[in-house]
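Next come the chains, spelled out residue by residue.
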Amino acid sequence: MQQRQAVAVQPVETETGLGAFGARAEGCGGPERLLLEAARRAGRSPQGHMALVLHLSRLAPPGPRPHHRRIARAILEDTALRHDGQVFTLGNGDMVLLCGMAPQGRPPPTHPVHGLALSDPAAVSATMAALLRVDLPDPAAVATVWSLQESLPALTAYAAERVAESGLAMVPPAPPGAGPAEQTVVVGAIAAIAEGPAVTDFMRRQAGVLVADRSAGLARPPLLPLYRELSFSIAALEAQLAATGQAAADPFLFRHLAFRLDQRMLALLADAAGTGGPLDIAASGRATPPLHINLTLAAILSDGFVRFVGLCRRFGLAVRIEVALVEACGDAAAFGHARGVLADAGLPLVLDGVSYLALLLAQPDALCPDLLKLDWSPVLPDLRSEERQQVAAALARIGPDRVVLHHADTEAALCWGMAQGLRRFQGRHVDAILAAGRILACPLAAGCTVRHCMERAAAVVPACAA
Amino acid sequence: MSSLAQRGPSEEAQEMHADAERLRTLVRGCVTAGIARQALLLRLSRLPEDLKRPHHLRLARSALDPLSFADRARMFRLPNDDVVMVWRGDAPEALRTSLDTVLHLFADTGERVPEPDALLHALRLPEDAGTLLQAVEESLLPLEDVDPGKAAPVGIAPTDPLDPPALAALEAALVQADVARFMRRRQIAERLPEGRFRLLWEKRALSVAEIAATLVPDRAIRAEPWLFRRLTRTLDRRMLALLAAPQELRDAGPFGLNLNVASILSPEFLRFDNALPLVLRGQVVIDLLLADVVADPAAFMFARDFARGRGYLLLLRGVTADLLDAFPLRRIGLDLLQLRFSPELARLDAGRMLPDADHVVLSRADTGTALAWGRRHGINLYQGLAAVPTGPRG
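Predicted model only: the values in this text are computed from it and were never measured.

Turning our eyes to something else, we now look at the overall build of chain B. Regarding its fold elements, chain B presents 17 helices and 14 strands. In chain B, which comprises 394 residues, the share counted as buried stands at 56%. Long-range pairs, those at least 24 residues apart, make up 69% of the contacts in chain B with a sequence separation of at least 6. Put simply, chain B shows about 16400 Å² of open surface, and 53% of that area lies on carbon and sulfur atoms.

Following this line, the structure appears as structure tokens:
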């Protein structure tokens, strides 16, 4: 949502001035065609000119985010202004700067206004590589710089390729109704659903598992259930409102929504305990793995939680409470109180929502959780060596036995985690393996797919399991 | 003061109006002739009614007695019960004693009393003439004409929390609202070896409490902390737009801003950055909140490197004693850390070394106790009523 929000307020990204290359950078004809024409014109006197292609199209989703485009555009335009150039924003997301080269032997800038390497167009690629290193770790992939005198054909070929592609819609426009005001409306609407009886349709459960090591022997199943997490599916709630991606995109609005949903979750579980219904967390008995519930600090400090803890004691339930890292940082005093409440109730604390970037920026283990859930990112196997070492050091400090690799939705996630010594996983890839095992053992599985089996396992109320 | 107390109500009111006129004349004279004076504005009108009884006011006024011995000291009682003391030259000890006494008076009254920096303003003339003249004008207004955001007794707090529809309405109202008058400044000062404080930069911020009291007086604006955080983004953009206005920063000295990560990456910031005078480049401090950093670390790292490349200094706030170990300043890659003084912070093990103490700003340094704690931990940068700068800007 942040992306869409920013798009809504972004200044119109069209060139109005005429650059040294004699054409408007964007306008009728499309930027790709105008780039091609400008490249051909530049070929008449290529000496002292250069081209820089900023490959924003190479950023993995959700990139390039609007702020990537906005800041990149500002930097390129500033450079163009200083070096008699112009900027082209292409349909695939790439940006191209055509400009004069910095004179040789110019002294380095003396003022920090030039800190972003605006004094030398050739240095812009290094600047952008530094800014984008989280989103595109390989600095060589961020930009290509061509001297027009030596590499004009390369630029012309690149522009021709973009022209050829330009008939295709490569960067989908932001969907309507995704601005900040609409996000607030969506969050309000989901909160309203949470107050109604149909909210149970959106409850889901997911297993966390332990991958058995080789010494366990062949007779032991490879995945041992560790816990079952109960939550509301935000994706399903968004789908209900045809507002995919809007509720969870603004982290602050989402935290507010999480509190509203938590209150409902605690009330529903408390009301159902001991009834034998689908939401009766006591029905499956003490032999089942512990239950994980993710709560906001406000929910942990509410009367509803006191009631919930009483039920856990009454039925002898093993429960762990997950708290998002951002919650802990939002109100340290409340986090301290909540930790005290959990300790008094004998409930372990699980720190959730820890990205690998959080491991680079902070030491979340200093918050002393019993378990830490690290979010999987496809970037993890490709980190630069320094960052890879930092992540490895952080995992060693925390202890692999206290880490769950969360959102392990792909085989790559499991492979990376196991290579780091992690054995605890939660995610859709785990769900698929478990479902495959169930299908093999189930006498009624004829015609079932893995996906169907996963959906049935995730559903909490019978209506979803049908 | 004592003679005033013995007069009749109407005579006393006349004398207060006369005081307001005298203060206005004095302030204008300082501006016209460039005369330097120090001033302390004690906004007793902001107290809730049950703390504004005659004996409360009398005690609060007498707390300023130490300042009455300063050179050319004059006290002015304004018609709305606000008090202004004006004097010549530096009187740091007397000022600190007076501030400590006032805060001590209301120490046990909890949240019903306004924040210290809403109750007490240490000012300098002629620079802060506008603030004093505004206080005079407010004090002369009939009660019903006073801006409710400023006149509402702090003790009567709205109880309905902000919810998404109210937030959306407030954000829409903010687009058109004139928020310039809600701009407030706080001074960050460096403690010099001789004990004086030197101004380093002024933090500029919109008073959210006053804006909310004006636009949504029936809502408790901070009761839903995450919706409040979201609201600050909208306010950031208004603030940046204000600062980007022509001439706004022409005579500005070094200053600081609270901003969200998303705001640094907004079109409004780019316009502000373009409007920033060259002389201020490298002189602007951006304060970032820890929760905002953690909420979107990728955007934070991008914004951090971009802002630093443009010459901004970056400060991390929202870190408490409990979070110090989890969020080392150097690891986050920011320049300064703001710690808010509190009883909890004061209980931090005295023998424990504060990491990067020379990069720490101790805020809410309103008392001698806070200063002493800061000194003990090697802190030199302060914001608060006990750290009023008296010398030339650093």
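Structure's up, so let's keep going.
Turning our attention to the interface of chain A and chain B. The interface of chain A with chain B comprises 56 residues on the first partner and 47 residues on the second. Here chain A meets chain B over a buried area of about 4600 Å², counting both sides, of which 67% is carbon and sulfur. When the buried area of chain A at its contact with chain B is split by residue, Phe-252, Cys-329 and Leu-361 of chain A rank highest and sum to 18% of it. Across the chain A-chain B interface, the total number found is five salt bridges. For Arg-65 of chain A, the salt bridge is made with Asp-296 of chain B, and the minimal N-O distance between the two is 2.5 Å. If you look at where chain A meets chain B, you find 14 residue pairs in polar contact (both at pLDDT 80 or more).

The next point concerns the domain arrangement of chain B. Residue and element names in this part refer to chain B. Domain boundaries assigned for chain B yield domain 1 (3–145) and domain 2 (160–383). Averaged C-alpha coordinates put domain 1 and domain 2 at centres separated by 28 Å. With eight residues of domain 1 at the contact, the number on the domain 2 side is eleven residues. When domain 1 packs against domain 2, close to 870 Å² is buried across both sides, 37% of that on carbon and sulfur atoms. For the salt bridge of Arg-46 with Glu-210, the shortest nitrogen-to-oxygen distance reads 3.8 Å. Seen at the junction of domain 1 and domain 2, the total is one residue pair in polar contact (both at pLDDT 80 or more). Where the side of domain 1 that touches domain 2 is concerned, the elements lending two or more residues are helix H4 (92–105) and helix H5 (116–119).

This paragraph deals with the nonpolar core. Leu-54 and Phe-305 of chain A together with Phe-272 and Phe-327 of chain B are the most contacted members of the largest nonpolar core, which has 196 residues in total. Looking at this core, the element that brings in the most residues is helix H8 (residues 251–272) of chain A, giving ten residues. The residues touching Phe-272 of chain B, leaving out its near neighbours within four places in the chain, are Leu-240, Leu-243, Ala-244, Leu-249, Phe-255, Leu-257 and Tyr-312 of chain B. In this structure, Leu-47, Leu-95, Val-102 and Leu-120 of chain B belong to the second largest nonpolar core, which totals 26 residues.

Turning next to the confidence of the model for chain B. Residue and element names in this part refer to chain B. Chain-level statistics for chain B give a pLDDT mean of 84 and a share of 88% at 70 or above. Per-element confidence in chain B is highest for strand E10 (residues 284–289), whose mean pLDDT is 97, and lowest for helix H7 (residues 148–151), whose mean pLDDT is 40. In the model, residues 1–6 has pLDDT below 50 throughout and makes eight contacts with residues more than four positions away in sequence or in other chains. Scored below 50 in pLDDT, residues 143–156 shows 23 contacts in the model against residues more than four places distant or in partner chains. Across the whole predicted complex the pTM is 0.80, and at the interface the ipTM reaches 0.87.

Let us look at the sheet that holds strand E2 (residues 86–89) of chain A. Residue and element names in this part refer to chain A. Spatial strand order, E2-E3-E1-E4: four strands in an open sheet with antiparallel pairing. Of all the strands in the sheet, just E2 and strand E4 (143–147) have a single pairing partner and so form its edges. With direction set aside, neighbouring strand axes in the sheet form an average angle of 15°. Of the strand pairs in this sheet, strand E1 (residues 49–54) and E4 are connected by five bridges, and their pairing is antiparallel. Its bridge partner lying in E4, Met-50 is registered against Ser-147. Along the sheet face, helix H2 (residues 30–42) touches E2 and strand E3 (95–100) and points at about 145° away from the line of E2.

Once that is clear, we can look at the side chain of Ser-363 of chain B. Residues and elements named next belong to chain B. In this fold, Ser-363 is placed in strand E13 (residues 360–363). Exposure remark for Ser-363: the relative accessible area of 4% places this residue in the buried category. Residues within four places of Ser-363 in sequence aside, it is in contact with Gln-338, Leu-339, Arg-340, Phe-341 and Gln-383.

Residues and elements named next belong to chain B. Taking burial as the measure, the five residues of strand E3 (residues 83–87) include five buried ones, the bulk of the element. Neither face of E3 is exposed, since Val-83, Met-85 and Trp-87 on one face and Val-84 and Val-86 on the opposite face are all buried. In terms of strand pairing, strand E2 (residues 74–77) meets E3 through four bridges, oriented antiparallel. Looking across to E3, one finds that Phe-76 is bridged to Val-84. Connecting E2 to the next strand, E3, in antiparallel fashion are five residues, including Asp-81 with a positive phi near 85°.

What follows concerns helix H3 (residues 66–82) of chain A. Given a rise of 1.5 Å per residue, 17 residues ought to cover 24 Å, and the 24 Å separating the end C-alpha atoms of H3 of chain A matches this to within 8%. Across the 17 residues that make up H3 of chain A, a large majority, 13, are buried.

With that settled, the discussion passes to the pairing of strand E11 (residues 313–317) of chain B. Remember that side chains alternate between the two faces of the sheet whenever the strand is regular. Residue and element names in this part refer to chain B. Counting buried positions over the five residues of E11 gives four, a clear majority of the element. Looking at chain direction, E10 and E11 are connected through five bridges and run parallel. What sits directly across from Val-285, in E11, is Leu-313. In this sheet, strand E12 (residues 336–340) lies alongside E11 in parallel orientation, the contact comprising two bridges. Note that in E12 the partner of Leu-316 across the bridge is Leu-337.

Calculation rules
- Residues numbered from 1 in each chain as written.
- Chains lettered and ligands numbered in written order.
- Predicted model: local features only at pLDDT ≥ 70, side-chain atom pairs only at ≥ 80, totals over all residues.
- Heavy atoms only, no water.
- Helix = DSSP H or I, 4+ residues; strand = E, 2+ residues; numbered from the N terminus.
- Buried < 20%, exposed > 50% of the residue type's maximum accessible area, 1.4 Å probe, protein only.
- Contact = heavy atoms within 4.5 Å.
- Areas by Shrake-Rupley, 256 points an atom, 1.4 Å probe, with all protein chains shown as cover.
- Buried area = accessible area lost by both parts, 1.4 Å probe.
- Salt bridge = Lys/Arg side-chain N within 4 Å of Asp/Glu carboxyl O.
- Polar contact = N/O pair within 3.5 Å; in protein donor to acceptor, adjacent residues only side chain to side chain.
- Domains from an automatic or database assignment.
- Core = buried A, V, L, I, M, F, W, Y, C linked by side-chain atoms within 4.5 Å.
- pLDDT = per-residue confidence, 0-100.
- Pairing = 2+ DSSP bridges.
- Axes fitted to C-alpha atoms, helices over the stretch in contact; angles between N-to-C directions.
- Expected span 1.5 Å × (residues − 1).

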